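One-letter residues, chain by chain:
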Amino acid sequence: MNDIQNILSHILIPNSGSKFYIFSNIDGKTWIMPHRNMSTAMNLYQPGGIKGKWMKCFFPFLKDVGLVRKKIGISVCNYELSSSLKTRLNSIFKTDNIEFSVFCGTPSAHQKITIQISHGNKILGYCKFSNKEEICSLFLHEQTILDALKEKQFKFIPECLYFGMLPDNIYLFVQSTLKTKWSKVLHQWTDLHWQFLYELKQKTEQKILFEQTDFFTSIQLLQQNVSYISENKIDAVSKAIGEILNYYENKIVVFSVCHGDYTPWNMFLENGQLFVFDWEYARLTYPAYFDCFHFFMQCCIFEQHLEPEEIYQLYTKQKNELFGFIENADFYYICYLLDIISRYVNRDKGIYDEGMTNSMAIWTKLIEKLNVCDA
């Protein structure tokens, strides 16, 4: 958290400006919400549990009750944006009257601060901050992806409004949004999710040699770093890697863009359209519809808190309904599991926190339960 506190100390001026409320959840995530127009500000808060949803719904109306704040561990402070950041954002959003709320990020190697910028009831956009070169590279990558999709006239995604450096070597990434205080987060899979991925496939697919794809790079990196997986799971993962590589070897494939983090909390419904943001983990050349497996898995793990056997049973039960669109879903489910393991193996190099240890155990157990078969 030292890096996060350091960034906060440079972008927020404490004990001045307007009143804010600070609260955290059991996962170590922290939010800083303004007293003014809190219902709009709380759009930055995306809870998965019942208590969090209660908080989002009712706290804007109960914030002045000290007993309520004490009960749920909320502290009060005054903040304003640093003059350099305020000047930059005023220029980007073309207004002198911006308001803000802060999310201090999910504790992880890629933790970053996100600020929602608003004016009254209107949400103007989002800013992401980091002082790490690795996260800066993610910002740059996201800008490249968004620009490429914009060229293909892909709608209902953010536009990169600014990417650059603030004083004290803090990187700033600013993106637009269509979000309003009435936007809805969809926690269940719908036809809109399929339609979004279908359009993504249609507008970005390309024929390419497998060995030149981003997916091949991911699988190859996992193969090289498989020792970072639990010893009793290495054989199952290595076997799956071998079968995937053997299947695709020297083939021309038709792959497309993959969002990489297609989850309920990275999208919202507005005026009947699905708007998808946070493209920093996107890749250009992956099997089509990869993202549907990620949506399914993230909901199972972080919203339903299911064990591997329960996830497998749910997948088996809903396979035709959710993944009938995909020929040989088992094969691509294995591909997805290898890819998500690769992402975190190569990021964390075997040094996993409790949450990641649990996720790794789930992913590897599912690989054991699934058979890799011909696509």
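Being a predicted model, the structure only gives us computed values, none of them experimental.

Chemist: Can you help me understand the overall build of the protein in this one?
Modeler: Looking only at helices and strands, the protein features 13 helices and 13 strands. What you see for the protein is a C-alpha radius of gyration of 21 Å, in line with the 21 Å of a compact globule of 375 residues. Taken along its principal axes, the extent of the C-alpha atoms in the protein is 60 × 45 × 40 Å. Residue burial in the protein is summarised as follows: out of 375 residues, 54% are buried. When contacts within the protein are restricted to residue pairs at least 6 apart in sequence, those whose partners lie at least 24 apart make up 70%. When the accessible surface of the protein is totalled, it reaches about 17900 Å², and 50% of it is carbon and sulfur. The average position of the 37 basic charges and that of the 40 acidic charges among the side chains of the protein differ by 8 Å.

Chemist: Help me out: how do you make sense of helix α6 (residues 133-151) in this one?
Modeler: Each α-helix turn comprises 3.6 residues. Residues three or four places apart therefore point the same way. Here α6 spans 27 Å end to end across 19 residues, near enough to the 27 Å set by a 1.5 Å rise per residue. Turning to α6, its buried residues number three or more, namely Ile 135, Cys 136, Leu 138, Phe 139, Glu 142, Ile 145, Leu 146 and Leu 149. Within two residues after α6, Gln 153 carries a phi angle of roughly 60 degrees, on the positive side.

Chemist: Which parts of the structure should I look at to understand a nonpolar patch on the surface?
Modeler: The grouping of Trp 54, Phe 58 and Ile 72 at the surface amounts to a nonpolar patch, some 270 Å² of accessible area in total. Structurally, the position occupied by Phe 58 is in helix α3 (residues 50-62). Residue Phe 58 is classed as partly exposed on the basis of its relative accessible area of 39%.

Chemist: Can you walk me through the pattern of salt bridges in this structure?
Modeler: Think of it this way: side chains of opposite charge can pair up when their charged atoms draw near. The tally for this structure, following the rule as stated, stands at 16 salt bridges. Ionic pairing is found between Asp 348 and Arg 347, a salt bridge with its closest N-O pair at 2.8 Å. When sorted by exposure, Asp 348 lands in the same class as Arg 347, which is buried. The structure contains a network of salt bridges with shared partners spanning Lys 112, Lys 128, Glu 142, Asp 278 and Glu 280.

Chemist: Sorry if this is basic, but what is going on with the side chain of His 193 here?
Modeler: One can find His 193 in helix α7 (residues 191-204). Given the relative accessible area of 0%, His 193 is considered buried. A polar contact is formed between the side chain of His 193 and the side chain of Thr 190, at a distance of 2.9 Å. When near neighbours in sequence (up to four residues on either side) are disregarded, His 193 contacts Leu 186, Gln 188, Tyr 262, Met 267, Leu 274 and Phe 295.

So, how was this worked out
- Residues numbered from 1 in each chain as written.
- Predicted model: local features only at pLDDT ≥ 70, side-chain atom pairs only at ≥ 80, totals over all residues.
- Heavy atoms only, no water.
- Helix = DSSP H or I, 4+ residues; strand = E, 2+ residues; numbered from the N terminus.
- Rg over C-alpha atoms; globule rule 2.2 N^0.38 Å.
- Buried < 20%, exposed > 50% of the residue type's maximum accessible area, 1.4 Å probe, protein only.
- Contact = heavy atoms within 4.5 Å.
- Areas by Shrake-Rupley, 256 points an atom, 1.4 Å probe, with all protein chains shown as cover.
- Lys, Arg positive; Asp, Glu negative; His and termini not counted.
- Charge placed at Lys NZ, Arg CZ, Asp CG, Glu CD.
- Expected span 1.5 Å × (residues − 1).
- Patch = residues over 30% accessible without salt bridge, like charges linked within 9 Å, V, L, I, M, F, W, Y side chains within 5 Å.
- Salt bridge = Lys/Arg side-chain N within 4 Å of Asp/Glu carboxyl O.
- Polar contact = N/O pair within 3.5 Å; in protein donor to acceptor, adjacent residues only side chain to side chain.

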